[in-house]
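Notes for the structure review
Next come the chains, spelled out residue by residue.
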Amino acid sequence: MPLRDDEHWVLSYYRTSEINGSLFFGRLARVLKPGPIQHDLTKHFADEAQHVWYWTDCLDRLGTRPIRLSDAYQDQYLEAAGLPVNMMEILAITLTFERRVINQYAKHMAVPNLRPRSKRRSTSSWTTRSGL
Ligand SMILES: [Fe+2]
């Protein structure tokens, strides 16, 4: 059974959002002075990059390629909340954001008739992460 258009779009949207997260934290880690926060952010953008790979692999296993999307979850978030003005706001938004993402993936997993591969990808790795 081929992937429905809406499923294809949602999985691609998750992937695009992970790309945005990785790039954002990669840029942030690059400009911060070396120290504990930079160290943690380096791990965080590496995790986000791995999540991109998971979604890319998920789509590949479902027999398709990601849709190239211009917008991601972070764009909606920034539009609603505005740009964070300091590191504390970035970390607070990130914590909130990460919790919401995991919650979103859990809701996705609960969708009836979801394909096993996308269900597995929605829950693995993210639920075992620690830190940011
Ligand atoms: Fe992620």
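For the structure given in this document, a descriptive report is provided here. (Residues numbered from 1 in each chain as written. Predicted model: local features only at pLDDT ≥ 70, side-chain atom pairs only at ≥ 80, totals over all residues.)

Digging into the overall build of the protein
Counting secondary structure elements, the protein contains five helices and zero strands. In sequence order, the protein lays out its α and β elements as α-α-α-α-α. Scored against the burial criterion, the 132 residues of the protein give a buried share of 17%. Put simply, 69% of the contacts in the protein that link residues at least 6 apart link residues at least 24 apart. (Helix = DSSP H or I, 4+ residues; strand = E, 2+ residues; numbered from the N terminus. Buried ≥ 20, exposed ≤ 12 C-beta atoms within 10 Å, placed from the backbone. Contact = placed C-beta atoms within 7 Å.)

Details of the environment of arginine 115
Tracing the backbone shows arginine 115 in the loop between helix 4 (87-109) and helix 5 (116-123). Note: C-alpha distance between arginine 115 and glutamate 7 (108 residues apart in sequence) is 9.4 Å.

Quick look at the nonpolar core
Among the nonpolar cores identified, the biggest contains seven residues, and these are Leu11, Tyr14, Ile19, Val52, Trp55, Cys58 and Leu59. Looking at this core, the elements with two or more residues in it are helix 1 (5-31) and helix 2 (36-61). Per-element accounting of this core gives the leading share, four residues, to helix 2. (Core = buried A, V, L, I, M, F, W, Y, C linked by C-beta atoms within 7 Å.)

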